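This is what each chain is made of:
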Amino acid sequence: MRGVIETKQLTYRYGRKTALDHVNITLNENQLIGLIGRNGSGKTTFLKLCAGYYYPTDGEITVFEEEPFHRIESLGEIIYSNPNVYHKELNTLEQILKYFKLTYPRFDAVFANKLLVVFALQPTMRFKNLSQGMVSVFNFICALSTRARLTLFDEPILGMDVTSRKKIYEILLRDYIECPRTIIVSSHILSELEDILSEILLIDEGKIILYKDLDEVRTMSYRIDGTEDAVKAFCSDKTVIYSNYNTMNSYAVIEGEYNDTIIPEGEKYNVAFSKVRPEDYCVYKTLRGGEADLECLWER
Amino acid sequence: MKALKIDENSLTPIYVQIADSIEEDILNDKLMEGNACYSQLMIAKELKVNPATAAKGINLLVGHEILEKQRGQAMTIAADAKSKIIERKKKTDFKDKIEELVKLAKRLHVSEEYLQNQISKTFEESER
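Residues numbered from 1 in each chain as written. Chains lettered and ligands numbered in written order. Predicted model: local features only at pLDDT ≥ 70, side-chain atom pairs only at ≥ 80, totals over all residues.

## Considerations on the sheet that holds strand β11 (residues 239-244) of chain A
All names here are of chain A.
Point 1. Strand order across the open sheet formed by four strands is β11-β12-β10-β13, with antiparallel pairing between neighbours. Looking along the sheet, the strands with just one partner apiece sit at the ends: β11 and β13 (272-275). The sheet shows a mean angle of 25° between the axes of neighbouring strands, direction not considered.
Point 2. Bridge count for strand β10 (residues 221-226) against β13 is four bridges, and the pairing is antiparallel. Residue pairing across strands places Arg223 opposite Ser274, the latter belonging to β13.
Point 3. Packed onto the sheet, helix α8 (residues 228-235) meets β10, β11 and β12 (250-255) and runs at close to 15° relative to β12. (Pairing = 2+ DSSP bridges. Helix = DSSP H or I, 4+ residues; strand = E, 2+ residues; numbered from the N terminus. Axes fitted to C-alpha atoms, helices over the stretch in contact; angles between N-to-C directions. Contact = placed C-beta atoms within 7 Å.)

## Focus on the interface of chain A and chain B
Point 1. The interface of chain A with chain B comprises 16 residues on the first partner and 16 residues on the second.
Point 2. At four residues, helix α5 (residues 162-178) of chain A tops the list of elements feeding residues into the side of chain A that touches chain B.
Point 3. Residue classes in the side of chain A that touches chain B are distributed as eight nonpolar, two polar and six charged. (Nonpolar A, V, L, I, M, F, W, Y, C, P; charged D, E, K, R; others polar.)

## Side note on the environment of Pro51(B)
Point 1. Residue placement: Pro51(B) occurs in helix α3 (residues 51-63).
Point 2. Ignoring sequence-local partners within four residues, the contact set of Pro51(B) consists of Ile177(A), Gln40(B), Leu41(B) and Ala44(B).

## Structural notes on the sheet that holds strand β1 (residues 3-14) of chain A
Residues and elements named next belong to chain A.
Point 1. Taken together, three strands build an open sheet; the order of strands is β2-β1-β4 and the sheet is antiparallel. With partners counted over all chains shown, the strands left at the sheet margins are β2 (17-28) and β4 (58-63), one partner each. The average angle at which neighbouring strand axes cross in this sheet is 20°, direction not considered.
Point 2. Sheet analysis places β1 next to β4, joined by five bridges and oriented antiparallel. Its bridge partner being in β4, Lys8 is matched across the sheet by Glu60.
Point 3. Contacts between helix α1 (residues 43-50) and the sheet are confined to β1, β2 and β4, with β1 contributing the most and set at about 120° to the helix.

## Topic: helix α4 (residues 81-107) of chain B
An α-helical turn contains 3.6 residues, so a residue and the one three or four places further along point in the same direction.
Residue and element names in this part refer to chain B.
Point 1. The end-to-end C-alpha distance of α4 is 38 Å, a good match for the 39 Å that 27 residues give at a rise of 1.5 Å each.
Point 2. Residue Lys89 marks the point of greatest curvature in α4, where the axis turns by about 45°.
Point 3. Within α4, only two of the 27 residues are buried, which leaves the element largely exposed.
Point 4. Positive phi appears at His109, one or two residues downstream of α4, with a value of about 55°. (Expected span 1.5 Å × (residues − 1). Bend = angle between axes of the 7 residues up to and from the residue. Buried ≥ 20, exposed ≤ 12 C-beta atoms within 10 Å, placed from the backbone.)

Below, the structure is given as structure tokens:
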């Protein structure tokens, strides 16, 4: 597989704050990638560097083998979209679509107008009169219709109701099937997105801590429930990424593949297996020390 | 395709669930031996999963020689797919269920004879 985005020691600082810290990564072409991370982890900075909005403080980034910051011709091939993209307030949706048509060579105006109908938006509506949810939908429509070879969605579902979100995911997957291209979606709600993604990019404190095929992530960990003694005995020779011991029920999340050899072991210690969803796996991987212990809030 | 509902909470990976449901459709003649199987894109579209996940499900069956790759067209169901599936399921699913049943019988202090009688009885009832 060819690399679309390549970074070498990519670093970006806002004053003293380091948003991205010596990132080395090569992202595969034509994947539908979920960019996951906590607030302030560096997701938006990473996307903006890919789109050429920022120039790296240190290190380098190439997109389609060019530096996105310097290559004006490739702008039509890269779209960065977030729900707060600013459009001149006077513009109607129709006028904004025209702007996209002029800027992006692959922009499909017919498709964009069909999408407007699906979401009950009229071309004559004024952008400034849209609610946050509608702004998000409209910006999604614009960016998807560009069919840009690299499409970057930054929190596209901000403020959307659940019906719209479901439609958005379905449309995104289907359009990716029809017109394969590299799409990166950043989101805080991985559980809603995970079925349609092919890969996941997990970023934490400015570093990439995971870039993997999602089907692999799905089998990288599992959870066991049982009594404290049983859980501890079962875990003695395993990598535990999270554990919680209570009187009524104890459990642990184990890094490793759930497979046929583990089942008899589970029976021996009388523990029950269950799945760890990718979203929870990411939560466990990005927990800070002591953060899981909320009991201390009410200690006197 | 059978009304397959992907179970998100199952420990069985999604692509294995996809392979299982295709096998199920072969067993109940919804898919006939020698005919084309569902394509990768059709599975992705209908089940709303990433095409890469759908491809893994198909490849699993190619590995088991249930599906055969034909040049330039969709996968076809192997001529002896059904008997292969049955043979494998006897060794896996079927064996697992029996083991489970025997374990349950032991936990409930049920005799082997009682268990066998119950199985015969259930067999008779289902054939009525």
